[in-house]
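# Coordinates in review
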Amino acid sequence: MSESVALAPMSKVWQRHTLRQKMARTALWLVIAIAVMLSLRSINVIWEFLWDAPEQMMDMGRRMWPPDMAYYPKTVHAALMETFHIATLGTLFSMVFALPLSILAAHNITPHKGLNLFAKTMLVSSRSVNSLVWALLFVAVFGPGPLAGAVAIAFRSIGFVGKLLGEALEEVHFGAIEALKAAGATQTSQILYGYWPAVKPAFWSIMLLRWDINIRESSVLGLVGAGGLGMVMNAAIDTFQWNRVAVILLTIFAVVVIGEVVVTFFRRRLI
Amino acid sequence: MTQPGAQAFPRIPAGRRQPFHSSWQVKLLALLVAAYAVYALGQLDFSYDRFIRGLDNGARFLSRMFPPSYKNWDQLLTGFIESMEIAVLATFFGVLLSLPIAILGARNLMPAWATWPARLIVTLCRAFNPVIVAIVFIKAVGFGALAGVLALVVASIGFVGKLFMEAIEEISMKQIEAVRATGAPFLSVVTYGVLPQVIGRLVGFCTYQLDANLRNSTMVGIVGAGGIGGALFAAFQRFEYDFVLAILITIIAVVLLGEFASNYVKRIFHV
């Protein structure tokens with residue numbers, strides 16, 4: 001082998017990438033550079049404000065300190081419980097819709113191109129629209145309040161859960177399904193006894209992950225009037241009571257940390 | 001992973017063996033979840049009556065959304081260009097900043113005094129929703145695209161930084177040792193030992209983050225941080241639901257295009 005390399009003419013020196021690959025990469029770097037330059041030049045930014053930012057942040061920090069802890073038991077706690085309900089109910093709702101959609105999206109369970117495409121389109125639309133935008137929509141439908149928030153969280157989660165679960169279903173080993181088919185199992189039995197046990201750990205871990213994300217997301221839904229902590233925060237910001245904002249931010253931080261601990265604990269038990 | 005139920009099998013008498021039967025713990029848990037759902041629905045003052053009225057509203061709402069109106073297309077276009085600029089800049093600077101932070105935070109390369117501050121930064125960046133960070137930056141740098149870029153830079157550091165840090169911790173140390181044995185300085189160890197092992201995954205994270213930033217840049221506008229979100233929120237407040245639908249359709253289309261583009265980029269880098 002080494003001989004042939006040594007004997008090869010100079011023009012055949014080993015190269016890692018072909019000319020085409022090199023050109024594609026160079027073109028990509030160029031595109032990135034041009035995109036960044038163009039964005040930097042044309043974006044509507046007043047750069048003086050950026051240099052002023054540290055000073056403004058310090059000012060905000062001074063206004064936030066000390067946090068108005070007395071505010072927590074009065075209003076923040078109830079809002080926190082509301083946020084928790086919104087996130088949990090939203091996750092439960094999404095489960096109801098995501099299960100059938102993921103079955104329709106998995107091409108090994110539903111061997112029908114049209115249905116697959118339909119389910120995938122639904123899932124993509126659900127994921128592309130942000131939960132805050134969903135909340136805007138449902139505030140218009142149900143009126144302001146936590147109900148709109150819970151439905152918004154559910155609609156945003158369907159796409160996420162459905163996509164990941166659909167992928168998990170497509171990866172299920174064919175052997176178990178074939179055995180069930182050979183025994184004369186119906187489609188329902190195949191799903192219940194073939195697919196479900198195989199994706200069960202993945203399903204619960206997806207739900208836990210989404211619940212964790214939903215707790216974070218539902219804390220901001222109130223900014224558009226969909227209930228929870230965001231509503232209290234909006235009120236505090238609008239009245240410039242930054243020491244109350246600080247309490248709310250601390251609450252959110254604590255909830256996120258607790259959520260992470262709970263999720264890690266359950267994940268270890270489940271999987 | 002052990003088979004579920006495998007250890008419970010021998011204890012059941014052969015005649016009454018029930019595969020796939022659920023234990024009483026599972027049934028109790030399901031009951032508790034159902035009870036909680038009912039309780040929480042009551043807390044969110046969800047009633048059948050309100051639901052029906054909501055459906056009524058929803059029908060009217062939908063009928064006002066169709067057909068989507070593109071007559072304000074210039075507003076749509078400027079909003080989207082700004083959203084894309086925000087996404088490009090936030091991804092670029094976010095990835096640029098998260099590279100050194102991830103290397104500092106990798107426990108297999110760095111001593112403890114370097115890893116824990118880096119990890120703290122990443123955790124703080126991940127803790128708060130981009131909308132909340134955007135509100136804080138709006139206070140610091142004023143309304144407009146800059147606040148959006150800064151908020152999404154923070155979100156990008158939280159996501160790319162965390163995943164990249166984990167990727168670096170999973171690399172093979174043999175190559176690092178080999179590079180170190182030649183007497184290479186730290187920077188060379190990083191460029192020739194660490195980066196070649198993780199560059200593929202980094203490209204994956206970056207394309208995902210560009211996608212995520214594109215979605216989120218539509219959201220930060222709702223609180224006044226620039227981009228299409230501002231136009232969306234304004235359209236909601238003016239009850240121009242047909243324009244809302246036009247914006248939503250465009251968001252979904254752009255996100256889909258972004259997904260195709262990121263697949264293409266991944267192909268160029270052979271990920």
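## Some words on the overall build of chain A
If you tally the helices and strands in chain A, you get 11 helices and 0 strands. For 271 residues, the compact-globule estimate of 2.2 N^0.38 gives 18 Å, and the C-alpha radius of gyration of chain A, at 26 Å, exceeds that figure by more than 25%. Along the first, second and third principal axes, the C-alpha set of chain A runs to 80 × 65 × 35 Å. Taking the contacts inside chain A whose residues are at least 6 apart along the sequence as the reference set, 72% of them involve residues at least 24 apart.

## Topic: the domain arrangement of chain A
For chain A, the assigned domains read domain 1 (2–61) and domain 2 (69–270). Summarising the inter-unit geometry, the C-alpha centres of domain 1 of chain A and domain 2 of chain A are found 36 Å apart.

## Description of the interface of chain B and chain A
Taken together, the 45 residues of chain B in the interface contact 47 residues of chain A. For the side of chain B that touches chain A, the secondary-structure elements that each account for two or more residues are helix 1 (24–43), helix 2 (48–65), helix 3 (73–105), helix 5 (130–141), helix 6 (145–169), helix 8 (186–220), helix 9 (228–237) and helix 10 (241–268) of chain B. When residues in the side of chain B that touches chain A are grouped by element, the largest group, 7 residues, is from helix 10 of chain B.

## Section: the nonpolar core
A general trend in soluble globular proteins is that nonpolar side chains are found buried together. The biggest cluster of nonpolar side chains holds 135 residues, and the ones touching the most others in it are A135 and F138 of chain A together with A134 and A151 of chain B. Top contributing element to this core by residue count: helix 6 of chain B, with 16 residues.

## Focus on the domain arrangement of chain B
The domain boundaries assigned to chain B delineate domain 1 (21–65) and domain 2 (73–268). A separation of 35 Å is found between the C-alpha centroids of domain 1 of chain B and domain 2 of chain B.

## Here we look at the confidence of the model for chain A
Confidence in the prediction of chain A, expressed as mean pLDDT, is 82, and 95% of residues score 70 or more. The secondary-structure element of chain A with the lowest mean pLDDT is helix 1 (residues 2–7) of chain A, recorded at 49, while helix 7 (residues 146–170) of chain A shows the highest, at 89.

Rules of the game
- Note on numbering: residues in each chain are counted from 1, in written sequence order.
- Chain A is the first chain written and ligand 1 is the first ligand written, with later ones labelled in order.
- Restriction of local features to residues with pLDDT of at least 70 applies here, the model being predicted, together with a cutoff of 80 or more for giving and counting side-chain atom pairs; totals for whole chains, interfaces and linings are based on all residues.
- Strands here mean DSSP runs of E at least two residues long; helices mean DSSP runs of H or I at least four residues long; both are numbered from the N terminus.
- The globule rule used here is 2.2 Å times the number of residues to the 0.38 power, and the radius of gyration it is set against is calculated over C-alpha atoms.
- Whether two residues are in contact depends on their C-beta atoms, placed from the backbone: they are in contact if these lie within 7 Å.
- Segmentation of the chain into domains, including their bounds, is taken from an automatic or database domain assignment.
- Note on terminology: a nonpolar core is any set of buried Ala, Val, Leu, Ile, Met, Phe, Trp, Tyr and Cys residues joined through C-beta atoms within 7 Å.
- Here a residue counts as buried when 20 or more other C-beta atoms sit within 10 Å of its C-beta, as exposed when there are 12 or fewer, and as partly exposed otherwise, the C-beta atoms being derived from the backbone.
- Residue-level confidence of the predictor, termed pLDDT, takes values from 0 up to 100.

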